[in-house]
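Structural overview
Residue-level listing of the chains:
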Amino acid sequence: NKTTALLGPSGIGKSTLIDMILSLQQPKEGALLIDGIPLNQIDHHQWRSQIAFVPQDAFLFHASIAENLTWAKSNATTEEIEMALKQAGAFVFVQQLPNGLNTLVGDRGTSLSGGERQRIALARALIRKPQLLILDEATSAVDNKSENLIKEALGQISGKMTIIIVAHRSKLVDLADHVINL
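Residues numbered from 1 in each chain as written. Predicted model: local features only at pLDDT ≥ 70, side-chain atom pairs only at ≥ 80, totals over all residues. Heavy atoms only, no water.

The final tally for this structure, using the stated rule, is two cavities of 30 Å³ or more. By volume, the second largest cavity amounts to about 30 Å³. Lining the second largest cavity are Val54, Gln118, Leu122, Leu135, Ala138 and Ile150. Its residues assigned to classes, the lining of the second largest cavity shows five nonpolar, one polar and no charged. (1 Å grid on protein atoms, 1.4 Å probe; cavity = no way out; pocket = protein on both sides within 12 Å on 5 of 7 lines; lining within 4 Å. Points joined across faces, edges and corners; volume = space filled by probe spheres on them. Nonpolar A, V, L, I, M, F, W, Y, C, P; charged D, E, K, R; others polar.)

So, in structure tokens, the structure goes:
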């Protein structure tokens, strides 16, 4: 339940490390340990079911906000959807939309601002109630106001799950219990 920031310039291996944590790549040397157990000895499906990932360029489906969230958890209740939106700092802006949860986001979320898309993507990740949340450059393409809203939202969930923040530079680093410079 700690937050770790992985920092470093492009090409240093931050995304490769995340791919290894997600079991998408295997280390060429050594081993990645999860609670002392080599990751290659852990059931990959069970491991990935505990992880939520928010990329730099979040993909939203041409569907409603509710449908974008329930894609991650098909049996989510309205209460769970609202809680995830609140945790992601998106509840207020969604409530202000003419159709609320039923608002269509457009192809790849084009009817929303970059910051709004990222907060919906964060809510989609949080609705799964992950044990590990990975944010890969999740605020690099948003304005300062949006980054501050995301930071505030993450501050609310910090300590409730393990969070890995990957960044070149980010205000989110202030949330980190550990900072690793690659």
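This part covers the pairing of strand β6 (residues 162-167). Among the six residues that make up β6, five are buried, leaving the element largely enclosed by the rest of the structure. For strand β1 (residues 3-7) and β6, the ladder comprises five bridges, and the chain directions are parallel. Bridged to Thr4 within β6 is Ile164. Alignment of strand β5 (residues 132-136) against β6, held across five bridges, turns out to be parallel. Directly across from Asp136, in β6, lies its bridge partner Val166. (Buried < 20%, exposed > 50% of the residue type's maximum accessible area, 1.4 Å probe, protein only. Helix = DSSP H or I, 4+ residues; strand = E, 2+ residues; numbered from the N terminus. Pairing = 2+ DSSP bridges.)

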